[in-house]
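# Examining the three-dimensional arrangement
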Amino acid sequence: MTRDAYVVGSGIIEFGERYGDSFDDLLEAAYLDLLGSVDGLAPEDIDAAWYGTIDIAGEGSSGSALAHATGLFETPITRVENACATGSDAFRNASLAVQAGAADVALVIGAEKMLDDTAGLIGSAALERLWRGRGVTMPAYFGMRATRHMAEYGTTRDQIAEVSVKNHANGVKYPYAHQQFECSVEDVRNSPTVSYPLNLYDCCPVTDGACAVLLASEERAREFTDAPVRHAGWGLSADSFQRGSDLALTNFPATRQAAERAYERAGITAADVDVAEVHDCFSITELITYEDLGFCADGEGGAFVERATLDGDTPVNPSGGLLSKGHPIGATGVAQVAEIFEQLRGEAGDVQVDAPAVGLQHNIGIGRNATGAVSCVNVLERT
Amino acid sequence: MSGPRYERTKRQDQRLVGFECQSCGWVSFPEEKRTCKRCGDAPADFEAVQLAERGTVETFVVQQYLPEDIETPQPVAVVSLPQASGAGEAARAYGLLTETHLAELDVGTEVEARFRELFSDGRRPINSLKFAVPRASKAGGEE
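Thresholds applied
Residue indices follow the written sequence of each chain, beginning from 1 at its first position. Here chains are named by letter from A upward and ligands by number from 1 upward, in the order in which they appear as written. Local features in this predicted model are restricted to residues whose pLDDT is 70 or higher, and side-chain atom pairs enter the listing and the counts only when it is 80 or higher, whereas totals over whole chains, interfaces and linings include all residues. Neither water nor hydrogens contribute to the side-chain values; these are computed over all heavy atoms in the structure. Under the DSSP-based scheme used, a helix requires at least four consecutive residues in state H or I and a strand at least two consecutive residues in state E, with every element numbered from the N terminus. For the radius of gyration, the atom set is restricted to C-alpha positions; the globular benchmark scales as 2.2 Å times the number of residues to the power 0.38. When accessible area is computed with a 1.4 Å probe and restricted to protein chains, residues below 20% of their type maximum are described as buried, those above 50% as exposed, and intermediate ones as partly exposed. Working rule for contacts: check all heavy atoms of both residues, and any pair within 4.5 Å makes them a contact. Only the protein chains shown count as covering a residue, and every accessible area follows the Shrake-Rupley method with a 1.4 Å probe. Structural elements are reduced to axes, namely lines fitted to C-alpha atoms, with helices fitted over the stretch in contact, and the angle between N-to-C directions of any two is expressed from 0 to 180 degrees. Each crossing gets its hand from how the near helix is turned against the far one by less than a right angle, where anticlockwise is left-handed and clockwise is right-handed. Put simply, Ala, Val, Leu, Ile, Met, Phe, Trp, Tyr, Cys and Pro go in the nonpolar bin, Asp, Glu, Lys and Arg in the charged bin, and everything else, Gly too, in the polar bin. UniProt positions are given in the numbering used here, feature names are shortened, and annotations may be inferred rather than shown by experiment. One speaks of a salt bridge when a side-chain nitrogen belonging to Lys or Arg is within 4 Å of a carboxyl oxygen belonging to Asp or Glu. Known as pLDDT, the predictor's per-residue confidence is scaled from 0 to 100. Polar contacts, as counted here, are pairs of nitrogen or oxygen atoms within 3.5 Å of one another; within protein the pair requires one atom able to donate a hydrogen and one able to accept it, and residues that are adjacent in sequence qualify only if both atoms are side-chain atoms. Pairing between strands is defined by DSSP: at least two bridges between them are needed. Between the rings of Phe, Tyr and Trp (Trp by its six-membered ring), a pair exists once the centres lie within 6.5 Å; its type follows the angle of the planes, with under 30 degrees stacked, over 60 edge-to-face, and the other angles tilted. Lysine NZ or arginine CZ positioned within 6 Å of the ring centre and within 35 degrees of the ring normal marks a charge as sitting over the ring.

As annotated in an unreviewed UniProt entry, chain B carries the name Zn-ribbon domain-containing OB-fold protein and is attributed to Halomarina ordinaria.

If you look chain A up in an unreviewed UniProt entry, it shows as propanoyl-CoA C-acyltransferase from Halomarina ordinaria.

## Notes on the overall build of chain A
Within chain A, the secondary structure is distributed over 13 helices and 11 strands. A globule of 383 residues ought to have a C-alpha radius of gyration of about 21 Å, and chain A, at 19 Å, matches this closely. The principal-axis extents of the C-alpha atoms in chain A amount to approximately 55 × 40 × 40 Å. The burial tally for chain A puts 65% of its 383 residues in the buried class. Across chain A, contacts joining residues at least 24 apart in sequence account for 78% of those joining residues at least 6 apart. Of the roughly 12600 Å² that chain A leaves accessible, carbon and sulfur atoms contribute 45%.

## Comments concerning the packing of helix H1 (residues 23–37) of chain A against helix H2 (residues 63–70) of chain A
The axes of two packed helices give the description: the angle between them and the distance between them. All names here are of chain A. In the contact formed by H1 and H2, the axes pass within 8 Å of each other and the chain directions differ by 65 degrees. Once H1 is placed against H2, the crossing between them reads as right-handed. Taken together, the residues of H2 that come into contact with H1 (itself represented by Asp24, Leu27, Glu28 and Tyr31) are Ala65, Leu66, His68, Ala69 and Thr70. For the contact of H1 with H2, the class distribution of residues is five nonpolar, two polar and two charged.

## Quick notes on the UniProt feature "domain: Thiolase C-terminal" (unreviewed entry) in chain A
If you check UniProt for "domain: Thiolase C-terminal" (unreviewed entry), the listed places come out as residues 249–366 of chain A in our numbering. With 42% helix and 9% strand, residues 249–366 of chain A has end C-alpha atoms that lie 14 Å from one another.

## Overview of the pattern of salt bridges
Tallied over the entire structure, the rule returns 26 salt bridges over all chains. In this structure, the salt-bridge partner of A:Arg345 is A:Glu347, at a minimum N-O distance of 3.2 Å. The exposure class assigned to A:Arg345 is partly exposed, which follows from its relative accessible area of 25%. Between B:Arg54 and B:Glu112 there is a salt bridge, with the nearest N and O atoms lying 3.2 Å from each other. Within this pair, whereas B:Arg54 is found in strand S4 (residues 54–63), its partner B:Glu112 is found in strand S7 (residues 110–121), the two being separated by 58 residues in sequence.

## Focus on the confidence of the model for chain B
Mean pLDDT over chain B: 85, with 88% of residues reaching 70 or higher. The ipTM, which scores confidence in the relative placement of chains, is 0.89 for this predicted complex, and the corresponding pTM is 0.94.

## Notes on the side chain of A:Gln99
Residue placement: A:Gln99 occurs in helix H3 (residues 86–100). Here the side chain of A:Gln99 touches A:Ser95 through a polar contact of 2.8 Å, side chain to side chain.

## Remarks on the sheet that holds strand S7 (residues 209–217) of chain A
Across a sheet, paired strands are connected by hydrogen bonds in the backbone, their directions being either parallel or antiparallel. Residues and elements named next belong to chain A. Strand order in the open sheet formed by nine strands is S3-S2-S4-S7-S1-S8-S11-S10-S9, and the pairing between neighbours is mixed. In this open sheet, the two edge strands, each paired with only one partner strand, are strand S3 (77–80) and strand S9 (275–277). Here the average twist between neighbouring strands, direction ignored, is 25 degrees. With nine bridges connecting them, strand S8 (residues 229–238) and strand S11 (residues 374–382) associate as antiparallel partners. The partner of Val229 across the bridge, within S11, is Arg382. On top of the sheet, H1 reaches strand S1 (5–12), strand S2 (48–52), strand S4 (105–112) and S7; it is set at about 40 degrees to S7, its chief contact.

## Regarding the environment of B:Ala90
All names here are of chain B. For Ala90, the position within the fold is in the loop between strand S5 (74–81) and strand S6 (91–96). The exposure class of Ala90 is partly exposed, given its relative accessible area of 32%. Put simply, Ala90 and Arg38 are 52 residues apart on the chain and 14 Å apart in space, counted from C-alpha to C-alpha. Beyond its immediate chain neighbours, meaning those up to four positions away, Ala90 contacts Val27, Ser80, Leu81 and Pro82.

## Description of the packing of aromatic side chains
Residues and elements named next belong to chain A. What the rule picks out here adds up to eight aromatic pairs over all chains. Taking 5.7 Å as the distance between ring centres and 65 degrees as the angle between the ring planes, the aromatic pair formed by Phe142 and Phe252 counts as edge-to-face. Here Phe252 lies in the loop between S8 and helix H9 (253–266) and Phe142 lies in helix H5 (residues 138–153), a separation of 110 residues in the sequence. One aromatic cluster is present, formed by Phe142, Phe252 and Phe282 through successive ring pairs. Between the NZ or CZ atom of Arg92 and the centre of the ring of Trp234, over which it lies, the distance is 4.6 Å. Above the ring of Trp234, the side-chain terminus of Arg265 is found at 3.7 Å from the ring centroid.

## As for the sheet that holds strand S2 (residues 27–28) of chain B
All names here are of chain B. Strand order across the open sheet formed by three strands is S2-S1-S3, with antiparallel pairing between neighbours. In the strand order of this sheet, the two ends are held by S2 and strand S3 (46–50), each with one partner. Pairing of strand S1 (residues 17–21) with S3, which is carried by five bridges, proceeds in the antiparallel orientation. Its bridge partner being in S3, Val17 is matched across the sheet by Gln50.

## Brief notes about the pairing of S6(B)
Residue and element names in this part refer to chain B. Among the six residues of S6, six are classified as buried, and the element is accordingly described as predominantly covered. Here six bridges tie S5 to S6, and the two strands are oriented antiparallel to one another. Paired with Val79 across the bridge in S6 is Ala93.

Below you can see the structure in the form of structure tokens.
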């Protein structure tokens, strides 16, 4: 016996280089923004909390870190860590508790301080194993998909760059985005090479951030808002770190599995999605994700970019995506959910798309030493 | 960086030994011992197979930004390595490239394995294989 869970509010802080803020400061600020933006919400309404972080800075700790930062003492708080899908999986877990009747009002907070200690980010990817991993960084894993996608489907370098151009054009209109600049295809191609064929502007920045979302049962949701957003479906897939030695060189099987499950649970198809926030850690990731989510056929991601603009028929990453907004890992998925929530309520300001009814949120994460090992997809619906 | 980590995979790293799942035919490289990472067979039955020293580039990048002890530009490829016997499936390895430039690389390029010192672990050299475009294929012998 399950019931529906609804998103009723969100709180976010400006993403960026927040050297002056501690982990606690980020959590506290996102939480206070949430409290201030949900009518009638008091701390004692919150039955349980889920806290997403991979704790790169070493300050995130356990659920007690969230209790300390927010004052939610004696509350059951669970820390979730699931690679780059950490935030979206924290959201999923909170929603499952509401659906199961274990909590009526559940808080989700994702946070990450990415800039305090970046050595671990590149070191673990680059140095672990002689063969699989020695010298292979995140831009390399994703860049290898770009090389192959171009060779196999004729996708052009410019089409890949167009993803970044689009997302930066959106990001300058989104107040919480880290990198507030527009760029052209030439700018992307002329930016320094990080890992051929990817240049600097094909890569998301390293960003601090936090975001909170509040979930509630239908009954409690109506106490807080007249326009709750239903969590209609979800899919999670944890593939092997090296499933069949990365047989999929031009796609991410985990996304395909997660999307199929999310669509089935929500009773929709890809064609029903009106707006999406997807994982664009690199420009090529978003292009491939169009295909993995079924927005277009395999090999057509390059052409699909022009249909993913704010006024296109399937707007993707109106918030600027990870490329512009930034990718504070634990916060990323929660912020994507927050953006879809605002879009479905018509509250997305300068990046609002035309009256969406169904929104999708997607992350893909890397396991120990391989691409695309974890994916989470959540579907939200206007009520 | 610790020595034991490299000791564990020495057989593959130095001798190009792969491990074939007797259930689905997937060739693991590096070694997977008890469960198959493609078909999920558990416990799986793996047999050691010798891999060929020549393979083809499935895809690649050329990295420019890496930790200090790795030289750049650093090409890295996913290389398909057939079994030396010619039977069964090829293994698929991530491999560093050496003596190879971006202009020489493409999807489908043939590369050969070369034994090299990769880096040192303290005072000990860590040796393994890198891949390179065969010298005979290089136009004008240019490196």
